[in-house]
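Residue strings, one per chain:
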Amino acid sequence: MIDCLIDNTYKTIDNKAVIYLYLINNILKDRNFKPYFYAELDKNKINLEDIENIKDFLLKNDLLKYVEKIDIVKKRILKEEKEILKIIATHPQKVPKLRKIKEIVKEIYEHDIPFAKRYLIDNDIIPMVYWDFEKNKVVSKDIPKLNMVAFDIEVYNEGKEPNPNKDPIIMASFWDGNGGKVITYKDFNHDNVEIVKNEKELIKKIIEELKKYEVIFTYNGDNFDFQYLKERAKLYNIKLELGREGEEIKIKRGISNKVYIPGRVHIDLYPIAKRLLKLTKYTLEDVVYNLFGIEKLKIHHKNIGLFWEDIDENLVEYSLQDAKYTYKIGIYFFPLEVMFSRIVNQVLFETTRMTSGQMVEYLLMKRAYLDNLIVPNKPDEKEYKRRLEVSYEGGYVKAVKGLYENIVYLDFRSLYPSIIITYNISPDTLDCDCCKDNSEKILGHWFCKKRIGLIPKTLKDLIDRRMKIKKQMAITDNKEIKELLNYEQLSLKILANSHYGYLAYPRARFYSKECAEIVTYLGRKYIKQAIEEAEKFGFKVLYIDTDGFYTTWKKKIDKDELIKKTKEFLNYINKKLPGLMELEFESFYRRALFVTKKKYAVLTDDNKIEVKGLEIVRRDWANIAKKTQKKVLEALLKEGNIKKAKKIIQETIKNLREGNIDIEDLVIYTQLTKKPEEYKTSAPHVELAKRLIREGKRVNIGDVIGYVIVKGAEKVSEKAKLPEEVSKEDIDINYYIENQILPPVLRVMEALNITKSELKKEEKQKTLDEFFT
DNA sequence: GCGGACTGCTTACCT
DNA sequence: ACAGGTAAGCAGTCCGCG
């Protein structure tokens, strides 16, 4: 049988756990897979007497009835190979009870790996590919053809937060590959509208519709749509039986909710957009605009009630567009998410909600299983706090100030992954007994020479696969295949680059501060060495950050000569570098303006400006400040025209003073990273959030608050208001000039040694040439 | 009692 | 809720000042 695994879970049938594998056309059930965990004793060899002791203990505590079997197995616990007990339980939900044996053994392991996920770790099956279930192998890596829909609801409200006990759902919209429709119960005039009798019928219809699809996209469906739908349905005694076998949806509560529909794939695109895009804020409209350049119709939540009362067809159009663009975003992210699901070897519902740290962990758990290595436990709160407190040195950073011409950027290809592989850095190879006496020490540690560690092995596999794909990409002309290969190489890269951070992540199972510290130590060693060699070769190194540096030639030379020298240098240095370590030519720049560490701008060969770290790329600066800094930078980098730069500043200030400005351009965005009352200091966005809460509005952790600064109070934090609350006359113009526009442009000008006082003087035009001599 | 220097908290960036 | 390094703003405190 050839089919594709899209979801899995387990159910309890006759008190037995049954694994469900939801394929596109079938549902497979596995009754033979049993939950288990491991127990380690103080000794390396285990005899039957030891097992009897455990059994006695379990019997005394009335737990033996939950044990199906106890086996002796040989496993490796990091560096140590030994016999341990495999305790097989009667049911996954009994495992937590059996953890009590921790009282009489040295340690227990793998007792908290969810049963359905455990199944995918232990068994040979990859989700989201066409799989041959007889031969247990991949048949095709095409993206599976699935029926997909985007779904969205509109809710009545009186200009406030909707209350599910009284505010009804008024509309639901759907969009699939063939178009879309809006279902409602008022007579709206719109081509795509379908009318039902009332809200109850609407809810029934929603259920009927959603059951036609395997994949359901929402935008914040985890925390809003399904939640609200469930509460409204309850009022009518309707159950949301959306599963493939009519199972009810499950709202898995946590820091963020997850809405699970057994046998289908609910993908909430909001967390995905947050993870994969770098935007100021993440409303559906923002994401659509950023991905596709489309301005979709927007109706503010507080006005939905009014449009409903007026039976305004714009509401239908808005709702339809919500579904349409949710679908478009879904289709856009789907291939990459499919790749993650395959590599991590867990189902899409899970991987689309995992952080990169969790993905790395599941990948490592799968590899550990294949390597007969025991998975270390998650740290308890105490251990977590201890880990949080220890810090270590990271990357090396050094910067010059000023403007330079003809520059190249050189960097190490995947510096940290190459170091990990080259030095075999892994918690299970760290300070092994077997290589203690014949290895050189790095920060007092060494790594096993006889066995490749879990992390280097996993990383090497990811990198090898990526290289292979890149080669395939180079020889294929088929655009579609190329695109898919590109998603695959991208997902492999993202996962490979997450391994170093994972090693130092305080909640990681395979945490090792020593390993992480050695990785950065070697990173610093190699970048410093490369710079030293470059200087000896004749380069002048300008700016260094972690794994790469910007450099010019010491004497004035042109582009071609510089690139020739660079190639010679790379050839020379790469011969000296060990293992996978490799320094690469990344790009050439006509000019670069370095302001401080982590803040600079470069002019590419095709005259484009790229900005790093400067206010232009930060969301917590008003648009007016960013626009001005950008124009100034352009005048300086592209034209070398200081006079023009000054003029831009003066014009902006003049416009602002004359009220010739859009309030939108004055909005400052700042994220709320904790509950407002938890802040130790006051800040504009915090004070504003506190007020909004007092007024009964909902403000969530993670929300990005947009505000403008108005006249009135002494402290800035007391002067923040929502943009829609103010008019131009309220704006504190002085604040915007002194605290928003001037500081960023002055910093840029000062990098050219133009001081504030000099700026104020009107003087003869200086050209950039003077700065290069 | 005032103003600048300094510190701690906070955010968002870079690699 | 993958790491450390970094700049910078704001609020609050410190410190000198015959």
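Source: prediction; values computed, not measured.

(A) Structural context of the pattern of salt bridges. According to the stated counting rule, one finds 64 salt bridges in the structure shown. Measuring nitrogen to oxygen at the nearest pair gives 2.8 Å for the salt bridge that ties Glu639 to Lys644. A residue is classified by how much of its surface remains accessible, and Glu639, at 47% relative accessible area, is partly exposed. When salt bridges with common partners are traced through the structure, they connect Lys181, Glu194, Lys205, Glu208, Glu209 and Lys212 into a single cluster.

(B) Examining the environment of Leu666 more closely. Within the secondary structure, Leu666 sits in the loop between helix H20 (642–657) and strand E25 (668–671). Sequence spacing of Leu666 and Asn623 is 43 residues, and the spatial spacing of their C-alpha atoms is 6.0 Å. Sequence-distant contacts of Leu666, defined by excluding residues within four places in its chain, comprise Ala622, Ile624, Leu656, Ile661, Tyr707, Val708, Ile731 and Tyr736.

(C) Molecular detail of the protein's contact with DNA strand B. The full set close to DNA strand B counts 20 residues, and Asp547, Tyr600, Arg619, Thr673 and Tyr679 are the nearest of them. Counting only the atoms of DNA strand B within 4 Å of the protein, the fraction contributed by sugar and phosphate is 94%. In this structure, Asp547 approaches DNA strand B through a side-chain N or O atom, which is 2.3 Å from a sugar or linking oxygen. In this structure, a phosphate oxygen belonging to DNA strand B sits 2.5 Å away from a side-chain N or O atom of Tyr600. Across the surface near DNA strand B, the residue classes break down as four nonpolar, seven polar and nine charged.

(D) Up close: the sheet that holds strand E26 (residues 704–709). As summarised here, the arrangement of the three strands in space is E25-E26-E27, forming an open sheet in which the pairing is antiparallel. The open sheet is flanked by E25 and strand E27 (720–721), the only strands paired with a single partner. Bridge count between E25 and E26: four bridges; the pairing is antiparallel. When the sheet's bridge partners are listed, Ile668 is paired in E26 with Tyr707.

(E) How the structure looks around the sheet that holds strand E6 (residues 80–89). Read from one edge to the other, the open sheet built from four strands follows the order E5-E6-E4-E7, with strand pairing classed as antiparallel. The sheet is open, and its two edges are formed by strand E5 (67–77) and strand E7 (107–109), each paired on a single side. Each neighbouring strand pair of the sheet contributes to a mean axis angle of 30°, computed without reference to strand direction. Judged from the 10 bridges that link them, E5 and E6 form a sheet pairing that is antiparallel. Residue pairing across strands places Val73 opposite Ile84, the latter belonging to E6. Those strands touched by helix H1 (residues 48–60) are E5 and E6, and its axis lies near 130° from that of E5.

(F) How the structure looks around the protein's contact with DNA strand C. Every one of the 29 residues lining DNA strand C counts as a neighbour, but Ile255, Thr355, Ser717, Tyr735 and Arg747 are closest to it. Each atom of DNA strand C within 4 Å of the protein was classed as base or backbone; sugar and phosphate made up 81%. Tyr392 places a polar main-chain atom, nitrogen or oxygen, 3.2 Å from a sugar or linking oxygen of DNA strand C. At a separation of 2.8 Å, a phosphate oxygen of DNA strand C approaches a polar backbone atom of Ser717. Looking at the surface near DNA strand C, the elements with two or more residues in it are helix H11 (356–370), helix H16 (499–503) and helix H22 (733–750).

(G) Expanded view of the state of the cysteines. Tallied over the entire structure, the rule returns zero disulfides. The structure places no disulfide on Cys432, whose sulfur is separated from the nearest cysteine sulfur, that of Cys434, by 3.5 Å.

(H) Focus on helix H5 (residues 225–235). Of all the positions in H5, only Asp225, Phe226, Gln227, Tyr228, Leu229, Arg232 and Ala233 are classed as buried. Backbone geometry just downstream of H5 places Asn237 in the positive-phi region, at approximately 60°.

(I) Structural context of the packing of aromatic side chains. In this structure the tally under the stated criterion is 36 aromatic pairs. Members of the aromatic cluster, joined through ring pairs, are Tyr404, Tyr409, Tyr543, Tyr550, Tyr589, Phe594 and Tyr600. Here Lys567 stacks its cationic end above the ring of Phe585, 5.5 Å away from the centre of that ring. Taking NZ or CZ as reference, Lys674 lies 5.2 Å from the ring centre of Tyr679, over its face.

Rules of the game
- Residues numbered from 1 in each chain as written.
- Chains lettered and ligands numbered in written order.
- Predicted model: local features only at pLDDT ≥ 70, side-chain atom pairs only at ≥ 80, totals over all residues.
- Heavy atoms only, no water.
- Salt bridge = Lys/Arg side-chain N within 4 Å of Asp/Glu carboxyl O.
- Buried < 20%, exposed > 50% of the residue type's maximum accessible area, 1.4 Å probe, protein only.
- Helix = DSSP H or I, 4+ residues; strand = E, 2+ residues; numbered from the N terminus.
- Contact = heavy atoms within 4.5 Å.
- Near = heavy atom within 4 Å.
- Polar contact = N/O pair within 3.5 Å; in protein donor to acceptor, adjacent residues only side chain to side chain.
- Nonpolar A, V, L, I, M, F, W, Y, C, P; charged D, E, K, R; others polar.
- Pairing = 2+ DSSP bridges.
- Axes fitted to C-alpha atoms, helices over the stretch in contact; angles between N-to-C directions.
- Disulfide = S-S within 2.5 Å.
- Phe/Tyr/Trp six-rings, centres within 6.5 Å; stacked < 30°, edge-to-face > 60°.
- Lys NZ or Arg CZ within 6 Å of the ring centre and 35° of its normal.

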